[in-house]
Amino acid sequence: MERLIKVGKIKAKRSIDIKGSRIGLGFEKLDRDVFDPEKAYGYVAESGIKWARLQSGWQRTEKEKGVYDFEWLDRIVDKMISIGVEPWLCLCYGNELYSEDAKKVFGAVGVPPIFTEEEKAAWRRYVNATVRHYKDRIHYYEVWNEPDGQWCWKHGPNAVELAEFNKVTAQECKRADESCEVIGLTLCYDEAFATEFAKTGVLEYLDGISYHTYSVCEDVWTGRIDFFKAMREEYNKPNLKIFQGESGTQSRSDGAGALRGGAWTMAKQAKFLLRHLITDIAHGVEFSSYFSCMDMIEALNGSVGDVASYLDYGYFGVIGADFDENGKSVGTYTPKPSYYALQTLCSVLSEEYEVCEVPLEGLVLESIRLQDVDFDFDSTAHYAFKRGDGSVAVIFWVPKNILSETYEGTVSVKLKEEVAGKEIYLTDLLDGSVYRLSDSMLEKDGVLTNIPVTDSPLMLTFGSFCDMEEI
């Protein structure tokens, strides 16, 4: 980037100052009290995210049969709303008051109340009470979490069983608040499971479906969206919304959970965050939620009374923390590079815009910088976004495997008519630095010659697409 002229930085926007966005952040596992939300709210408020995924915590809420204490969750919901973030609620997990198996599992994770009439009735009452309680504060309710994985459906995943559970839960949500929307499935990885789920007719009871994508392969991210778009068409449900409910990765190589054992670093985590959220948004998800806000224990497979069984530390957070002897996130909470990448992206892709055709034609020219020729722009991942005033942003990167390869090179492009003559800047989305192109990169015939490209997203803007603080 040393050939460019740094002129400013993307102006960070607080969540409360943004009216609309498709970017969210996970604020899960407080049903198990694994971190202190009070120490995280300030960072969430300054991040610019507009959606926060919470988990409802049946066992934490109903500790005496028929008595619901929402105070712990009220504090979180109300705080999120006050800082300009809309909470959406995953209804989960089991309750030891009604299920014997829940007495054995830390947080009653993965113990669905589906076997006895008492369990089923208690779940319906709990769902109804929860939705009635949050009628004016929460609009989206999600049914359970990752039920195609045995960690969250511990007696063994069953798509038909899940479909009936989704149907009953959705009906109870609508009884409590007919205007709410219910999100089902919450798929982790098994598309065959999703197909079997849909064949039951359960989509008629749902307003949307959610899925998770823990993969370093970008074809998997886009393929999952295409899969659900095709399902929507097959079942004639054009208004069925698609939510990317969880995707993230570690910031170090020794963490538990999804993608564990990979050669993760803080820098790779930040690149992953940008690539994934941009891809999701460009492919039309309702909104995309990055997992997660905090470093914390995974807490999916712990046994009650055996603390060591759930000290499975994950490092998925955009905010780092230390851990006490019980696995709770403690110490000084510290933003990582991924936090600042998220903050930049939230500012850039806020308010109204539409996905549009990329107004650039790829060229491959001689590159003194590489002592070779350019990387072919047409082989990059590239997406364009257009605002009502005609300003355009083109975000692009070389889609190398994040774990094994890095890339720094050049590309050349010819501007199409719709962006010709507009003021041009290049932004590094990792840190929000804004640059003016050097004269050698600007040709009179509308060609940008040998501009930088890396394996991390860069953004060309044409016109006043986003707000910048000049230096």
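Above this text is the structure in question.
Structure report, in brief. Everything numeric here is computed off the predicted structure, so don't read it as measured data. (Residues numbered from 1 in each chain as written. Predicted model: local features only at pLDDT ≥ 70, side-chain atom pairs only at ≥ 80, totals over all residues. Heavy atoms only, no water.)

### Concerning the overall build of the protein
Then, in step 1: From N to C terminus, the protein includes nine helices and 25 strands.
Then, in step 2: Relative to its length of 471 residues, the protein is compact, with a C-alpha radius of gyration of 23 Å against a globular reference of 23 Å.
Then, in step 3: Each principal axis of the C-alpha distribution contributes one length, and for the protein these read about 75 × 50 × 40 Å.
Then, in step 4: The burial tally for the protein puts 60% of its 471 residues in the buried class.
Then, in step 5: Of the contacts made within the protein by residues no fewer than 6 positions apart, 76% connect residues no fewer than 24 positions apart.
Then, in step 6: Summed over its atoms, the accessible surface of the protein is roughly 18500 Å², and 47% of this surface lies on carbon and sulfur atoms.
Then, in step 7: A distance of 3 Å separates the average location of the 52 positive side-chain charges in the protein from that of its 77 negative side-chain charges. (Helix = DSSP H or I, 4+ residues; strand = E, 2+ residues; numbered from the N terminus. Rg over C-alpha atoms; globule rule 2.2 N^0.38 Å. Buried < 20%, exposed > 50% of the residue type's maximum accessible area, 1.4 Å probe, protein only. Contact = heavy atoms within 4.5 Å. Areas by Shrake-Rupley, 256 points an atom, 1.4 Å probe, with all protein chains shown as cover. Lys, Arg positive; Asp, Glu negative; His and termini not counted. Charge placed at Lys NZ, Arg CZ, Asp CG, Glu CD.)

### A few points about the sheet that holds strand β19 (residues 392-397)
Then, in step 1: If you walk across this open sheet you meet the eight strands as β14-β18-β19-β24-β21-β22-β1-β25, and the pairing is antiparallel. Of all the strands in the sheet, the pair left with one neighbour each is β14 (354-356) and β25 (468-470). On average, each strand axis in the sheet is inclined to that of its neighbour by 30°, with strand direction left out of account.
Then, in step 2: Relative to β25, strand β1 (residues 5-10) is paired through three bridges, and the arrangement is antiparallel. Bridge pairing in β25 links Ile 10 to Met 468.
Then, in step 3: Across the sheet, helix α8 (residues 266-282) lies against β14, β18 (381-386) and β19, angled at about 55° from β18, the strand it touches most. (Pairing = 2+ DSSP bridges. Axes fitted to C-alpha atoms, helices over the stretch in contact; angles between N-to-C directions.)

### A short note on the nonpolar core
Then, in step 1: Counting residues in each nonpolar core, the largest one holds 123 residues, and the members touching the most others are Phe 27, Phe 228 and Phe 385.
Then, in step 2: Considering each element in turn, this core owes the most residues, eight residues, to α8.
Then, in step 3: What Phe 27 contacts, discounting residues up to four positions off in sequence, is Phe 35, Pro 37, Ala 40, Tyr 41, Val 44, Ala 52, Arg 53, Leu 54, Ile 76, Met 80 and Cys 293.
Then, in step 4: Core analysis: the second largest hydrophobic core is formed by 25 residues, Val 394, Phe 396, Val 419 and Met 441 among them. (Core = buried A, V, L, I, M, F, W, Y, C linked by side-chain atoms within 4.5 Å.)

### Some thoughts on the pattern of salt bridges
Then, in step 1: Scanning the model with the defined rule gives 26 salt bridges in all.
Then, in step 2: Residue Arg 75 is joined to Glu 71 by a salt bridge in which the shortest nitrogen-to-oxygen separation is 3.6 Å. Here Arg 75 and its partner Glu 71 are both found in helix α3 (residues 71-82), four residues apart, which amounts to about one turn of the helix.
Then, in step 3: Several salt bridges converge on common partners, so that one network encompasses Glu 28, Arg 53, Glu 142 and Glu 246. (Salt bridge = Lys/Arg side-chain N within 4 Å of Asp/Glu carboxyl O.)

### Some thoughts on the packing of aromatic side chains
Then, in step 1: Inspection of every chain in the model, using the stated rule, returns 39 aromatic pairs.
Then, in step 2: Aromatic side chains Tyr 140 and Phe 287 sit 6.1 Å apart centroid to centroid with 70° between the ring planes, which places their arrangement in the edge-to-face category. Within this pair, whereas Tyr 140 is found in strand β5 (residues 140-143), its partner Phe 287 is found in the loop between α8 and β9 (288-290), the two being separated by 147 residues in sequence. Here Tyr 140 matches Phe 287 in class, with each residue buried.
Then, in step 3: Members of the aromatic cluster, connected to one another through ring pairs, are Trp 58, Tyr 68, Phe 70, Tyr 93, Tyr 98, Trp 123, Tyr 126, Tyr 134, Trp 144, Trp 153 and Phe 165.
Then, in step 4: The ring of Tyr 315 has Arg 252 lying over it, and the distance from NZ or CZ to the ring centre is 4.0 Å.
Then, in step 5: Directly above the ring of Phe 465 sits Arg 387, whose terminal nitrogen or CZ lies 4.1 Å from the centroid. (Phe/Tyr/Trp six-rings, centres within 6.5 Å; stacked < 30°, edge-to-face > 60°. Lys NZ or Arg CZ within 6 Å of the ring centre and 35° of its normal.)

### So, the sheet that holds strand β2 (residues 23-26)
Then, in step 1: Here eight strands make up a closed barrel; going around it, the order is β2-β3-β4-β5-β6-β7-β8-β9 and the pairing parallel. For this sheet the average axis-to-axis angle between neighbouring strands, irrespective of direction, equals 30°.
Then, in step 2: Here strand β3 (residues 51-55) pairs with strand β4 (residues 86-91) via five bridges, running parallel. Residue pairing for β4: Ala 52 is matched across the bridge by Pro 87.
Then, in step 3: The sheet contacts of helix α5 (residues 159-176) involve β4, β5 and β6 (181-187), and relative to β6 the element is tilted by about 160°.
Then, in step 4: In the packing of helix α7 (residues 218-234) onto the sheet, the strands contacted are β6, β7 (208-212) and β8 (241-247), and the crossing angle to β7 comes to about 160°.

### Remarks on α5
Think of an α-helix as turning once every 3.6 residues; residues three or four places apart then point the same way.
Then, in step 1: With 18 residues, α5 should cover 26 Å at 1.5 Å per step; its first-to-last C-alpha distance of 26 Å lies within 8% of that length.
Then, in step 2: Listing the buried residues of α5 in full gives Ala 159, Leu 162, Ala 163, Phe 165, Asn 166, Thr 169, Ala 170, Glu 172, Cys 173 and Ala 176.
Then, in step 3: Buried positions along α5 lie against β4, α4 (117-133), β5, β6 and α6 (191-199).
Then, in step 4: For α5, the N-terminal capping position is held by Asn 158, with its side-chain oxygen 3.1 Å away from the main-chain nitrogen of Val 160. (Expected span 1.5 Å × (residues − 1). Polar contact = N/O pair within 3.5 Å; in protein donor to acceptor, adjacent residues only side chain to side chain.)

### Notes on the side chain of Ser 329
Then, in step 1: Inspection of the secondary structure puts Ser 329 in strand β13 (residues 329-335).
Then, in step 2: Sequence-distant contacts of Ser 329, that is, excluding residues within four places in its chain, are made with Val 34, Phe 35, Asp 36, Met 294, Asp 295, Met 296, Ala 321, Asp 322 and Phe 323.

### Observations concerning the environment of Ser 99
Then, in step 1: Mapped onto the elements, Ser 99 comes out in the loop between β4 and α4.
Then, in step 2: Considered as a pair, Ser 99 and Ser 247 are 148 residues apart in the sequence and their alpha carbons are 30 Å apart.

### Quick look at the side chain of Asp 280
Then, in step 1: Structurally, Asp 280 is set in helix α8.
Then, in step 2: It turns out Asp 280 is buried and unbridged, and the closest side chain with the opposite charge, Arg 224, is 10 Å from it.
Then, in step 3: Not counting chain neighbours up to four residues away, the residues in contact with Asp 280 comprise Tyr 211, Ile 225, Gln 244, Val 285 and Ser 288.

### Here we look at unusual backbone geometry
Then, in step 1: Following Cys 92, the chain continues into Tyr 93 via a peptide bond in cis, with omega recorded as -20°.
Then, in step 2: Note that the residue after Phe 291, namely Ser 292, is joined by a cis bond; omega there is 10°.
Then, in step 3: Along the polypeptide, Ser 292 turns up in the loop between β9 and β10 (296-297).
Then, in step 4: The residue Lys 29 is not glycine, and still its phi comes out positive at about 75°.
Then, in step 5: Locating Lys 29 in the fold gives a position in the loop between β2 and α1 (41-47).
Then, in step 6: Located in the positive-phi region is Glu 146, a residue other than glycine, with phi close to 45°.

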